[in-house]
Amino acid sequence: MEAPLTGWVEAYSRQIALAEIGYEGQRRIREGRVCVIGVGGLGCESSIRLAAMGVGYLKLVDRDVVSRSDLHRQILYELSSVGKSKVEAAAEKLIKLNPDVQVDPLPVALTPGNVESIVKDVDVVVDGLDSLPPRYLVNRACVKNDVPYVFGSAIESYGNLSTILPSKSTCLECFYPRLEEVSLPRCASVGVHPSIVGVIANLQVYEAVKVLMDQPPKLTSRLLYVDLTHMSFEMVGLKRREDCPACGWKPAGELEVSFNPVEEVCARDGSRTLIITPPKPLDLKMEELVRQGLTLGWNPSPMGRYSVNMRIKKGVTLSLLSSGVGIVSIAPELAGKFKLKDVKAMYGKLGVQTNFLP
Ligand SMILES: [Zn+2]
């Protein structure tokens, strides 16, 4: 009978055998600290690879909870994960896959107030986000703190990626100056093919591992554009902009990245969905929320350590995370009637602060 794979050399022998990794590369991977921001389609795929490859420390950041419509592409989750915070469900799976990896789940939203502390203590940040405003926050924080950032995005059947080495390569704002978010497709309205998610995330992992091994990544100052409908992989050369507001030496324009505590995002399962984000993560006690929810008759059900679901009334549900992030789902027949004051009232009745809401 074959001996169990206890030592790390045996466990990773098939990648140590690669000339570009070897023992030294594996040692660096094992000492590596990676932050995956956004554990949706891209982040599930990249974090499962990074954990399996034996990265030493993996920080997972996501404010969202798992919904049924995520499961076709978000490969860390299963039916029993629906309603749970994504980072908690992801961490449970990854620790089972590789207990050597220290997984650090953060069920918080990215804000201008916390983004720097999130990226500062890692060797590389891997992008798993699904919209541009938080990417600008990450890009700024990475440039400022000299942390490499592997940008990636995927929608419909196409996607792109680039690796940002602060002060050595183009940054996100050099090649994606502030586009109007409304003009960009979002996943609910246009759909996303799981294959493109897998392609982009796996290439991101290759780049992140290069950074960990202190080898030059392949996509610095280059954007790889992948279009599966034509099976095309095209590389575009990028130039640093001297007037880039994030990394330029003659920055132009305002430096602030706007922050919106109320967003309407990808409709999940056909409902209208609002995401409420306090500018600074709160530290809500789950037991208190459950007690309060019971008093209100909102039928609270705790979903893991960081999230509680409540049925506010017929057609309105709230998933509230310990960080104070709330995901409000409103049935189509109530969508037109639901107002911001209803969110305020909901939070107020639960004893959660509302002074950050407009
Ligand atoms: Zn730049």
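No experiment lies behind these values; they were computed from the predicted model shown. (Residues numbered from 1 in each chain as written. Predicted model: local features only at pLDDT ≥ 70, side-chain atom pairs only at ≥ 80, totals over all residues. Heavy atoms only, no water.)

Topologically, Gly 159 is positioned in strand 6 (residues 158-164). Ignoring sequence-local partners within four residues, the contact set of Gly 159 consists of Ser 153, Ala 154, Ile 196, Ile 200, Leu 224, Tyr 225 and Val 226. (Helix = DSSP H or I, 4+ residues; strand = E, 2+ residues; numbered from the N terminus. Contact = heavy atoms within 4.5 Å.)

A separate point is the packing of aromatic side chains. Taken as a whole, this structure holds 5 aromatic pairs when the rule is applied. Arranged with centres 6.4 Å apart and planes meeting at 70 degrees, the rings of Tyr 347 and Phe 356 form a pair that is edge-to-face. Judged by relative accessible area, Tyr 347 falls into the buried class, the value being 0%. Three or more aromatic residues link up through ring pairs in this structure, and these residues are Phe 151, Phe 175 and Tyr 176. Cation over ring: Arg 30 sits above Trp 8, and NZ or CZ is 4.4 Å from the ring centre. (Phe/Tyr/Trp six-rings, centres within 6.5 Å; stacked < 30°, edge-to-face > 60°. Buried < 20%, exposed > 50% of the residue type's maximum accessible area, 1.4 Å probe, protein only. Lys NZ or Arg CZ within 6 Å of the ring centre and 35° of its normal.)

What the domain assignment lists for the protein chain is domain 1 (32-237) and domain 2 (262-349). Taking only C-alpha atoms into account, the centre of domain 1 sits 26 Å from that of domain 2. In this complex, domain 1 contributes 21 residues to the contact, which on the side of domain 2 involves 23 residues. Between domain 1 and domain 2 lies a buried interface of about 1800 Å² when both sides are counted; carbon and sulfur atoms form 59% of it. Taken as a group, Arg 63, Glu 88 and Pro 107 account for 32% of the area that domain 1 buries against domain 2, more than any other trio of residues on that side. (Domains from an automatic or database assignment. Buried area = accessible area lost by both parts, 1.4 Å probe.)

A word on the coordination of the zinc ion. In the first shell of the zinc ion, the protein supplies Cys 171 (SG), Cys 174 (SG), Cys 244 (SG) and Cys 247 (SG), at 2.3 Å from the metal. Each of the 4 donor atoms bound to the zinc ion contributes to angles spanning 97 to 124 degrees, and the resulting shape is tetrahedral. (Donors = N, O, S within 2.8 Å, 3.2 Å for Na, K, Ca; no water. Tetrahedral: all angles 85-135°; square planar, octahedral: opposite > 155°, others 65-115°.)

A word on the packing of helix 4 (residues 41-52) against helix 10 (residues 194-212). Think of two packed helices as two axes; the pair is described by the angle between the axes and how far apart they sit. Interaxial distance between helix 4 and helix 10 falls to 8 Å at its minimum, and their mutual angle equals 45 degrees. By the angle between their axes, helix 4 is oblique relative to helix 10. For the pair helix 4 and helix 10, the sense of crossing is right-handed. Every residue of helix 10 that contacts helix 4 at Gly 41, Leu 42, Glu 45, Ser 46, Arg 49 and Leu 50 is listed here: Val 197, Gly 198, Ile 200, Ala 201, Asn 202, Gln 204, Val 205 and Val 209. (Axes fitted to C-alpha atoms, helices over the stretch in contact; angles between N-to-C directions. Parallel < 35°, antiparallel > 145°, perpendicular 65-115°, else oblique. Left-handed = near helix turned anticlockwise from the far one by under 90°.)

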